[in-house]
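As a plain string of letters, each chain reads:
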Amino acid sequence: MALRCVAALSLLAVATGRFQGFRRGNVLHDPPQGAESEELWFTQRLDHFNGADSRVWKQRYFTNDAFYQPGGPVFLMIGGEGPANPAWMKEGTWLTYAKEVGALCFLLEHRFYGKSHPTTSGLPWCGARGAVGCHGAVLRGQCGAQGAAGCHGGAPGERWAAMVRCFGGSVAPRKQRAAMVGRPGSEYLEVVWRSLASESADCPVLVKQASDALAERLKDPKTFENITKDFKLCSPLQIQSESDSAYFLETLAGNFMDVVQYNEDNRGFEGVPGTNVTIKVLCGVMGNTSMGDPYSRYVAVARLMMDTFSMKCLDSSFNNYVRDMTNTSWDGPAAGGGRQWVYQTCSEFGFYQSTDSPNQPFTGFPVGYQVKQCARFYNISAEEVAEAVAQTNEYYGGYNIRSSRIVFPNGSVDPWHALGITQDITAELPAVFIKGTAHCANMYPARSQDLPQLSEARDHVLLLLQQWLKR
Ligand SMILES: *[C@@H]1O[C@H](CO)[C@@H](O)[C@H](O)[C@H]1NC(C)=O
Ligand SMILES: *[C@@H]1O[C@H](CO)[C@@H](O)[C@H](O)[C@H]1NC(C)=O
Ligand SMILES: *[C@@H]1O[C@H](CO)[C@@H](O)[C@H](O)[C@H]1NC(C)=O
Ligand SMILES: *[C@@H]1O[C@H](CO)[C@@H](O)[C@H](O)[C@H]1NC(C)=O
Ligand SMILES: *[C@@H]1O[C@H](CO)[C@@H](O)[C@H](O)[C@H]1NC(C)=O
Ligand SMILES: *[C@H]1O[C@@H](CO)[C@H](O)[C@@H](O)[C@@H]1NC(C)=O
């Protein structure tokens, strides 16, 4: 019998893979309260690889059986690197699919994120490998309880576990490891250049001029007073180290990264503000000659973003960032996911948004600055980061994934596609590369202004799903 558990690993909510959102505090919004979907808790093992360790904890999940037909498959969505947002139990393409194939739907909060707190300390338990064990356990425990077909039998951890980035309709008949290629590099910002250029060729050039001009000013303390006013900083600008300047430059570049990553994604239902601030809007400001020189337009973009997210002032202090990131309390300012995500970049994934490449629009935050944070926050050295990334690639197969029935969707505007599978590996490992869409566009609810290639991609994934479920 073909196994019928379908998993989707998603990067949900404002908690972006880039995580800038956490840093600017105000940008991270909790999921709307009182969403009707009931919060459920699963008694989960801490360690899935050591039978002698019987410690357990409570993992949060949500379920929707409105479309479930007896004998139908199970869909598992994994809540990504932030609090799981129950809005996905009401909307999203996966529910359209669930209706088509009669699926039972689960949204499982990734451990250590949101309210799913395995231990009071000890991020080392945070990794994706252990998390896969959790997902398997939930399926065994809960699919069985709900009587869904296809979730019975088989050795623990071997019966399901198809994990694909974002939405991968994936139906895996045997143990499937998620492919996660990580490397410190600057591909992310190279895509940002190209995505801005697709709006207008001079847009990234103007961004580069502005960002260079700002970096230049940072060398002269006489300019700090003006900069403090221009960007409405919460406290007078102080640059005492490379990290101070890198952090400030990265924060402002983050305005563009966030907008590019989610450009035109239909994510209003998640309760996030600012979905109307698109690449078009930012490039419109950058190209507006009546707003002064490129530096002044960069200032205008920063102010637009602050207005959009109702921020009174911009905290550009690296020291405050360090303070927030080293606060290990579950009530701490980065506890919803910022600290955890950065930990996973240091201990598993790499892929920093760094300015090392000449073919990207920003200045002043090279990969060395980011990797140093691994040592500072988690005592993980640069060598250990490199080793961890290599091991992750080896463990999951990197780009040489050997498996079947996994679909890899990606959008050309999304900087994360640089790390994705954008060409078919085999007929049973197809890529769906969508021209002109951003991060996870295919997962968000369809709407009339969607690009035709986006609608086609959604249909294509459904078709694959239907084919794979038949066998
Ligand atoms: C600060 O801004 C004012 C007003 O735009 C300008 O006249 C002055 O030269 C600036 N100071 C520096 C040090 O750039
Ligand atoms: C986005 O929408 C909000 C709320 O309707 C509005 O206040 C804001 O001006 C809009 N921003 C842009 C850039 O269109
Ligand atoms: C350019 O900026 C000016 C001044 O802020 C504004 O009045 C004008 O509408 C902008 N032009 C465009 C095309 O957005
Ligand atoms: C951590 O954050 C919490 C909540 O903001 C705060 O009460 C606590 O004092 C912080 N702890 C440290 C060590 O800064
Ligand atoms: C940091 O890591 C090193 C090497 O793994 C270890 O020897 C050292 O004790 C750690 N320091 C702290 C403060 O945990
Ligand atoms: C495709 O790229 C991978 C690798 O970065 C991301 O993890 C996925 O989220 C992305 N998928 C979609 C649908 O955007």
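All residue numbers refer to position in the chain's written sequence, counted from 1. Chain labels run from A onward and ligand labels from 1 onward, assigned in the order the entries are written. Totals for whole chains, interfaces and linings use every residue, but because this is a predicted model, local features are given only for residues with pLDDT of at least 70 and side-chain atom pairs only at 80 or more, for both listing and counting.

Taking an unreviewed UniProt entry as the reference, the protein chain is identified by name as Serine protease 59, putative belonging to Cyprinodon variegatus.

## Section: the overall build of the protein chain
Looking only at helices and strands, the protein chain features 14 helices and seven strands. By residue count, 51% of the 471 residues in the protein chain fall in the buried class. The long-range share in the protein chain, meaning contacts at least 24 apart out of those at least 6 apart in sequence, stands at 74%. Segments assigned H or I by DSSP are reported as helices when at least four residues long, segments assigned E as strands when at least two residues long, and all are numbered from the N terminus. Once C-beta atoms are placed from the backbone, each residue is buried if 20 or more other C-beta atoms lie within 10 Å of its own, exposed if 12 or fewer, and partly exposed for counts between those two. A pair of residues counts as a contact when their C-beta atoms, built from backbone coordinates, are separated by no more than 7 Å.

## Digging into the pairing of strand E6 (residues 408–411)
Neither face of E6 is left uncovered, since the one carrying Phe408 and Asn410 and the one carrying Pro409 and Gly411 both have all their residues buried. Any two strands between which DSSP finds at least two bridges are classified as paired. Direction of pairing for E6 relative to strand E7 (residues 431–434): parallel, over a ladder of four bridges. Paired with Phe408 across the two strands is Ala431, which belongs to E7.

## Overview of the environment of Lys115
Positionally, Lys115 belongs in the loop between strand E5 (104–108) and helix H3 (128–146). Given 14 C-beta atoms within 10 Å, Lys115 falls into the partly exposed group. In this structure the C-alpha to C-alpha distance between Lys115 and Gly82, which are 33 residues apart in sequence, comes to 9.5 Å. In this structure, Lys115 is in contact with Arg60, Pro83 and Glu109, ignoring residues within four places of it in sequence.

## Notes on the packing of helix H2 (residues 93–101) against helix H14 (residues 452–470)
The geometry of H2 relative to H14 is characterised by a closest axis approach of 11 Å and an angle of 40° between their N-to-C directions. Regarding the angle of H2 to H14, the classification is oblique. In this structure, the crossing between H2 and H14 has a hand that is right-handed. Of H14, the residues touching H2 (which contributes Thr93, Tyr97, Glu100 and Val101) are Arg458, Leu462, Leu465, Gln466 and Leu469. Note on residue classes: Ala, Val, Leu, Ile, Met, Phe, Trp, Tyr, Cys and Pro are nonpolar, Asp, Glu, Lys and Arg are charged, and everything else, Gly too, is polar. Class assignment of the residues belonging to the contact of H2 with H14 gives a composition of five nonpolar, two polar and two charged. As a rule, the C-alpha atoms of each element are fitted with a line to give its axis, helices using only the stretch in contact, and angles between N-to-C directions run from 0 to 180 degrees. Any angle that is under 35 degrees is reported as roughly parallel, and any over 145 degrees as roughly antiparallel; angles of 65 to 115 degrees are reported as roughly perpendicular and all others as oblique. Helix crossings fall into two classes, left-handed where the near helix is turned counterclockwise from the far one by less than a right angle and right-handed where it is turned clockwise.

## Some thoughts on unusual backbone geometry
Non-glycine residue Lys232 carries a positive phi angle of around 50°. Structurally, the position occupied by Lys232 is in the loop between helix H6 (224–230) and helix H7 (242–261). Of the residues examined, Lys232 has 15 C-beta atoms within 10 Å and is grouped as partly exposed. At Glu264, a residue that is not glycine, the phi angle is positive and equals roughly 60°. Relative to the helices and strands, Glu264 resides in the loop between H7 and helix H8 (279–286).

## Side note on the site of ligand 3
With respect to spatial proximity, the complete set of residues near ligand 3 consists of Gly284, Asn288, Ser290 and Met291. By residue class, the composition of the shell around ligand 3 is one nonpolar, three polar and no charged. We call a residue near a molecule or strand when the C-beta position, derived from backbone atoms, sits within 6 Å of it.

## Quick notes on helix H13 (residues 382–396)
Multiplying 1.5 Å by the helix residue count minus one yields the expected span of that helix. Over its 15 residues, H13 extends 21 Å from the first C-alpha to the last, a length consistent with the 21 Å expected when each residue adds 1.5 Å. Of the residues making up H13, those classed as buried are Val385, Ala388, Val389, Thr392 and Tyr396. The arc that holds every buried residue of H13, seen down its axis, measures 100°, which confines them to one face. With respect to the buried face of H13, the exposed residues turned more than 90 degrees away are Glu383, Glu387 and Glu394. Positive phi appears at Gly397, one or two residues downstream of H13, with a value of about 100°. The arc in question is traced by the directions running from the helix axis to the C-beta atoms.

## Focus on the nonpolar core
Membership of the largest hydrophobic core comes to 100 residues, with the highest contact counts inside it found for Phe75, Ala103, Phe106, Leu107, Val192 and Val260. Ranked by residue count, the leading element in this core is H7, at 10 residues. For the domain bounds, the source is a domain assignment made automatically or taken from a database. Residues from two domains meet in this core; each of domain 1 (4–178 + 397–469) and domain 2 (183–390) gives at least three. Once residues lying within four places of it in the same chain are set aside, the contact partners of Val260 are Val192, Ser195, Leu196, Ile279, Val413, Pro415 and Ala438. When buried Ala, Val, Leu, Ile, Met, Phe, Trp, Tyr and Cys residues are joined through C-beta atoms within 7 Å, the set is termed a nonpolar core.

## As for H8
Because each turn of an α-helix spans 3.6 residues, side chains separated by three or four positions end up pointing in the same direction. By the burial criterion, the buried members of H8 are Ile279, Leu282, Cys283 and Met286. Looking straight down H8, one finds its buried side chains confined to an arc of 95°; they lie on one side.

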